[in-house]
Amino acid sequence: MADILRLEAVRKSYNVGMPIETEVLHGIDLALRAGEFAALIGPSGSGKSTLLHLIGLLERPTAGRILIAGREIDALDEAGMTELRGRTLGFVFQFHHLLPEFTALENVMMPALIDQGRATRAMRERARGLLAKVGLADALDKKPSALSGGMQQRVAIARALAMNPPLVLADEPTGNLDSHTADDIFALLREFNRAEGSAFLIVTHDARLAAGCDRRIELMDGQLLAATV
Amino acid sequence: MPFEWILALRFLREGRMQTALIMAGTTVGVAVIIFITALMNGLQASLATRTLSTQAHVSVRAPDDAPTPVLERAGATSVVAHIEPRVQRLRSIDQWQRVTRELVALPHVVDVSPITTGSGFAFRGNASKSIALMGVIPERYDRIVKVSDKLTAGQFRVGPGEAVIGIELARDLGAAVGDRIRILSSENRDDVFRLTGLFDLGVKDLNRRWVIMPLRSAQSLLDLSGGVTHIDLTVDDIFAAEDVATRIVSQTGLTAESWMAINTQLLTAFKNQNMTTRTVRVFMLLIVALGIASVLVVSVVQKQREIGILRAMGASPRRIMRVFLIQGGIVGGSGALLGSGLATLMVYGASFALLQDDGSALISGRIEASYYLTAAAVAVLTGLLAAVAPARRAAKMDPVEAIRYG
Ligand SMILES: Nc1ncnc2c1ncn2[C@@H]1O[C@H](COP(=O)(O)OP(=O)(O)OP(=O)(O)O)[C@@H](O)[C@H]1O
Ligand SMILES: [Mg+2]
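Everything numeric here is computed off the predicted structure, so don't read it as measured data. (Residues numbered from 1 in each chain as written. Chains lettered and ligands numbered in written order. Predicted model: local features only at pLDDT ≥ 70, side-chain atom pairs only at ≥ 80, totals over all residues. Heavy atoms only, no water.)

Remarks on the domain arrangement of chain B
Step number 1: Here chain B is described as being made up of domain 1 (3–51 + 267–405) and domain 2 (96–253).
Step number 2: The straight-line distance from the C-alpha centre of domain 1 of chain B to that of domain 2 of chain B is 53 Å. (Domains from an automatic or database assignment.)

Take a look at the structure:
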């Protein structure tokens, strides 16, 4: 199968040109196959989130190439990046980042709403189905503030999958959940990986959860450990 | 509904307190703007109407004789010529019947009344007073200056040999309704009139000088057989009087003066009032704009995380910007709507609260539709403009910053 993601000699520096310039990522080479379920592990400050933001097109690399679904992101303008972000990528963050003004159902509809500009019945049905799959069929019309942390993260996962993206990026999705809830969430991601065929790149500090992934990629001081690539 | 509208409406709806406050502010601002405009225009209209109850809106007369300079300029020598204005004779308007028909056909013109006027003296017993002869066609003149409404005795009936005079003149001459007075004109002709009524126009000078008589009598007394010296007219919009006068001058070649040209002080007062109103309006709009802008800026900062996640989900900066612009427009628009309602109540209330000396309302309880439309357009525009800075700020927000430190 084709690679959904390719990184070649990717570098990222902050404060470029200033005395405090620091290089966080020192030449990353990485490929992820379609449908792969991978964990990105490493100590705090090693650059995991930074790498995820580069892949998520939220930041541009200082050097190197990034290809997502075969498209060179260097060649994309802001509009192209925005579109790729909306249609090809799904995000789950440690802090759920749901929109507090909207219900669970509306939050899950949001990516499709952004993509198509206005709400449709099909959108609503897909969101309803996703929420049912994450076990929240009864909480469709609840606002995030009325949901527990685990439930909020389930909504965020359903939202990440709303556009059926080929690549889902998750930054410590279980970071602030108890271990029991964390297992549930992880199982859910795995289920979506199998059912929908999306590739997952999941940042985690939890060795036990990482062990349950197809592949473990380890980042250390801004470099990937060769053995894990 | 488009994505941007859904977000804008929801953000406003969920921002309860902030939204309520800023809407209240905009509402009051718009209401004050409409109210003060309606009040000022009402006051001016009632002041103007009062002034105009004894005046024509436009008065047309024959052009003045231009004095001809006697000395010609010769060669390089410049001559200083002092030209004495010629003493003006009474002049009648050429073909006044045709001119009258022409005037009636002009836009805005409502009523037209030919008049022959000149000066003279009134005598009764051994009292004599300097007066102004006003030769009129009573039915027509009554529509310009409502003499019949201003009678204190008798009736406004001036058949041949009859006249009505002001109460001051009546007192000066010791005359009452039914008495006879003798009028001597500046052309040295005289005639006797029986008084059929006394009027009080509210202006002493007019009450002391005017003698209203049939047009024919004035014509013969002033030696202007069949001629009229003036044509007075009224217009439907008193503030259009100057334009009408200008039009008459260019169309007929006659001299036409609007009430505005005659009452320059009143007009200057109006202009000053208008400037005051404009200043108040500008400042109100500024306050409204600052209020909307400050609330939106706070909202943008509060929603930093959400904006970041919306960006990550594929919302372009341009669309994020639109979400906040729409909020500004909605606040302005609904403020205009509510403000119009409030202003309507205020003006209605003021029409009862503000009374003139005679107990009639100083302003009418109605507001012209154009005020509402203007206020609405200006409020929406103000809302949009006020939202520009916050919206740009929202669009520029770095999604990573929002997500990383969320
Ligand atoms: N905007 C920035 N400016 C300067 N340095 C930054 C910036 N963002 C991140 N860094 C630095 O880059 C390094 C990597 O940070 P990053 O957040 O990617 O680590 P991480 O592996 O995700 O850590 P954690 O497990 O604690 O989340 C850190 O030393 C951090 O201080
Ligand atoms: Mg991190």
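Re a negative patch on the surface
Step number 1: Taken together, the side chains of D236, D237, E242, D243 and E368 of chain B make up a negatively charged region of the molecular surface.
Step number 2: Following the sequence through the fold, D237 of chain B ends up in the loop between β9 (230–235) and α8 (241–252). (Patch = residues over 30% accessible without salt bridge, like charges linked within 9 Å, V, L, I, M, F, W, Y side chains within 5 Å. Areas by Shrake-Rupley, 256 points an atom, 1.4 Å probe, with all protein chains shown as cover. Salt bridge = Lys/Arg side-chain N within 4 Å of Asp/Glu carboxyl O. Lys, Arg positive; Asp, Glu negative; His and termini not counted. Charge placed at Lys NZ, Arg CZ, Asp CG, Glu CD. Helix = DSSP H or I, 4+ residues; strand = E, 2+ residues; numbered from the N terminus.)

Quick word on the packing of helix α3 (residues 104–116) of chain A against helix α1 (residues 3–14) of chain B
Step number 1: Taken N-terminus to C-terminus, the directions of α3 of chain A and α1 of chain B make an angle of 145°; their axes are 10 Å apart at the nearest point. Facing α3 of chain A, whose interface residues are E106, M110, L113 and I114 of chain A, α1 of chain B presents F3, I6, L7 and R10 of chain B.
Step number 2: Of the residues belonging to the contact of α3 of chain A with α1 of chain B, the class tally is 6 nonpolar, no polar and 2 charged. (Axes fitted to C-alpha atoms, helices over the stretch in contact; angles between N-to-C directions. Contact = heavy atoms within 4.5 Å. Nonpolar A, V, L, I, M, F, W, Y, C, P; charged D, E, K, R; others polar.)

Comments concerning the site of ligand 1
Step number 1: Close to ligand 1 lie 14 residues; S44, K48, S49 and T50 of chain A together with R404 of chain B are nearest.
Step number 2: Site remark: ligand 1 is flanked by residues from chains A and B.
Step number 3: In this structure, T50 of chain A approaches ligand 1 through a side-chain N or O atom, which is 2.5 Å from an oxygen atom.
Step number 4: Contact distances for ligand 1 include 3.0 Å between an oxygen atom and a side-chain N or O atom of H205 of chain A.
Step number 5: For the shell around ligand 1, the element with the highest residue contribution is helix α1 (residues 48–55) of chain A, accounting for 3 residues.
Step number 6: Across the shell around ligand 1, the residue classes tally to 3 nonpolar, 8 polar and 3 charged. (Near = heavy atom within 4 Å. Polar contact = N/O pair within 3.5 Å; in protein donor to acceptor, adjacent residues only side chain to side chain.)

Considering the environment of V323 of chain B
All names here are of chain B.
Step number 1: Relative to the helices and strands, V323 is located in helix α12 (residues 317–353).
Step number 2: According to the relative accessible area criterion, V323 is buried, its value standing at 2%.
Step number 3: Separated by 191 residues in sequence, V323 and A132 have C-alpha atoms that sit 72 Å apart.
Step number 4: Not counting residues up to four positions away in its chain, the partners in contact with V323 are E4, L7, A8 and F11. (Buried < 20%, exposed > 50% of the residue type's maximum accessible area, 1.4 Å probe, protein only.)

Notes on the confidence of the model for chain B
Step number 1: For chain B, per-residue confidence averages 88 on the pLDDT scale, and residues scoring 70 or more make up 93% of the total.
Step number 2: Model confidence for the complex is summarised by a pTM of 0.77, with the ipTM given as 0.88. (pLDDT = per-residue confidence, 0-100.)

Observations regarding the sheet that holds strand β6 (residues 89–92) of chain A
Residue and element names in this part refer to chain A.
Step number 1: Overall, mixed pairing links the 6 strands, which are arranged β6-β7-β8-β3-β9-β10 in an open sheet. If you trace the sheet from one side to the other, it starts and ends with β6 and β10 (223–224), each paired once.
Step number 2: The pairing of strand β9 (residues 215–220) with β10 spans 2 bridges and is classified as antiparallel. Each residue of the ladder has a partner; that of L219, found in β10, is L224.
Step number 3: Contacting β3 (37–41) and β8 (199–203), helix α6 (residues 179–196) runs over the sheet at an angle of about 160° to β8. (Pairing = 2+ DSSP bridges.)

Some remarks on α3 of chain A
Step number 1: Taking 1.5 Å per residue as the helical rise, α3 of chain A with its 13 residues ought to reach 18 Å, and the 19 Å between its terminal C-alpha atoms agrees with that figure.
Step number 2: In the structure, α3 of chain A departs most strongly from a straight axis at M110 of chain A, where the bend amounts to approximately 45° and where the proline P111 of chain A lies between one and four residues downstream.
Step number 3: The buried fraction of α3 of chain A amounts to 10 of the 13 residues, a majority that puts the element mostly inside the structure.
Step number 4: Of all the positions in α3 of chain A, only A104, L105, N107, V108, M109, M110, P111, A112, L113 and I114 of chain A are classed as buried.
Step number 5: Close packing links the buried residues of α3 of chain A with α4 (121–133) and α5 (149–160) of chain A together with α1, α11 (304–312) and α12 of chain B. (Expected span 1.5 Å × (residues − 1). Bend = angle between axes of the 7 residues up to and from the residue.)

Remarks on the pattern of salt bridges
Residue and element names in this part refer to chain B.
Step number 1: The full count for this structure, using the stated rule, is 34 salt bridges over all chains.
Step number 2: Two residues, R322 and E4, come together in a salt bridge whose shortest N-O distance is 3.0 Å. Placement of the pair is R322 in helix α12 and E4 in helix α1, with a sequence separation of 318 residues.
Step number 3: For R322, a relative accessible area of 37% translates into the label partly exposed.
Step number 4: Residue D223 pairs with R189 through a salt bridge whose shortest N-O separation is 3.2 Å. Residue D223 is located in the loop between α7 (215–221) and β9, and its partner R189 is located in the loop between β6 (180–185) and β7 (190–199); the two are separated by 34 residues in the primary sequence.

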